[in-house]
Amino acid sequence: MPGRSAIKGRWENMGGCEILFGKVIYLHNLDNHIQAANVNPEEDFKFVEISYHHTKKAWWHIRFQENTVKPVIQKFMDEGKTVIKGWGNSLVISPNSKAFPYNSYSYELFSSVGDALKIRKFDSRPFPQGTFEEFNENYISGETRIYRIIKVVSAN
């Protein structure tokens, strides 16, 4: 992870995201950000783990995350059972190429690089058996990266 990596954007209103060092990724604004109670973005959003997803049906994948994964992450944040400080997902509008085949992405926000690098295991598995069968069938490939956040920008 380069020490100078950065992401510029508003996490609560991701309409676009510029990844420095020559790549620009445009996102559909879904207003799909959640965060832990009493989070101070300037203090708590220091690192972001972005998972890029290449799926057969992008909107199905986004809605699955929104309706199945998002409530569980919110519950664990509310109960203090995770180091995740924020979460969201979005549709990738551009680029769309062989080198960048991803059509959606999700992110998790952290206060420290140690938290971002931890393997996150939750105390219980809240998903019924078979929940991820269609998810796995829809999923083609993915890539995950961790970036250091230089500055959190807010409309307020």
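Structure first, text after, so check above.
Report follows, based on the coordinates.

Here is what the cut-offs are and how they apply
Residues numbered from 1 in each chain as written. Predicted model: local features only at pLDDT ≥ 70, side-chain atom pairs only at ≥ 80, totals over all residues. Heavy atoms only, no water. Patch = residues over 30% accessible without salt bridge, like charges linked within 9 Å, V, L, I, M, F, W, Y side chains within 5 Å. Areas by Shrake-Rupley, 256 points an atom, 1.4 Å probe, with all protein chains shown as cover. Salt bridge = Lys/Arg side-chain N within 4 Å of Asp/Glu carboxyl O. Helix = DSSP H or I, 4+ residues; strand = E, 2+ residues; numbered from the N terminus. Expected span 1.5 Å × (residues − 1). Bend = angle between axes of the 7 residues up to and from the residue. Buried < 20%, exposed > 50% of the residue type's maximum accessible area, 1.4 Å probe, protein only. Contact = heavy atoms within 4.5 Å. Phe/Tyr/Trp six-rings, centres within 6.5 Å; stacked < 30°, edge-to-face > 60°.

### As for a nonpolar patch on the surface
Right, on to step 1. Among the surface-exposed residues, Val24, Tyr26 and Ile93 lie close enough to one another that they form a single nonpolar patch of about 290 Å² accessible area.
Right, on to step 2. As for its placement among the helices and strands, Tyr26 is situated in strand 3 (residues 23-28).

### Remarks on helix 2 (residues 58-78)
Right, on to step 1. Taking 1.5 Å of rise per residue, 21 residues should cover 30 Å, and helix 2 covers 28 Å from first to last C-alpha, within 8% of that figure.
Right, on to step 2. Taken as a whole, helix 2 carries its principal kink of about 40 degrees at Val69; the proline Pro71 stands between one and four residues after it.
Right, on to step 3. When helix 2 is considered as a whole, its buried residues turn out to be Ala58, His61, Ile62, Phe64, Gln65, Val69, Lys70, Val72, Ile73, Gln74, Phe76 and Met77.
Right, on to step 4. Where helix 2 is buried, its residues touch strand 4 (34-35), strand 5 (47-55), strand 6 (86-94), strand 7 (104-110), helix 4 (133-138) and strand 8 (139-148).
Right, on to step 5. Once helix 2 ends, the next one or two residues include Gly80, with phi positive near 70 degrees.

### Side note on the packing of aromatic side chains
Right, on to step 1. Counted by the stated rule, this structure contains 10 aromatic pairs.
Right, on to step 2. Measuring from ring centre to ring centre gives 6.2 Å for Tyr52 and Tyr105, while their planes differ by 25 degrees; the resulting arrangement is stacked. Of this pair, Tyr52 sits in strand 5 while Tyr105 sits in strand 7; the two residues are 53 residues apart in sequence, bridging distant segments of the chain.
Right, on to step 3. Taking relative accessible area as the criterion, Tyr52 reaches 5% and is therefore assigned buried.
Right, on to step 4. With relative accessibility at 2%, the residue Tyr105 sits in the buried group.
Right, on to step 5. Taking the centre distance of 5.0 Å and the plane angle of 85 degrees together, the rings of Phe100 and Tyr102 count as edge-to-face.

### Quick look at unusual backbone geometry
Right, on to step 1. Backbone torsion omega between Ser94 and Pro95 reads 5 degrees, so that peptide bond is classified as cis.
Right, on to step 2. Summarising the element assignment, Pro95 is placed in the loop between strand 6 and strand 7.
Right, on to step 3. At Asp31, a residue that is not glycine, the phi angle is positive and equals roughly 50 degrees.
Right, on to step 4. One can find Asp31 in the loop between strand 3 and strand 4.
Right, on to step 5. Here the phi dihedral of Asn38 falls at roughly 60 degrees; this positive angle occurs in a residue that is not glycine.
Right, on to step 6. Looking at the secondary structure, you find Asn38 in the loop between strand 4 and helix 1 (41-44).

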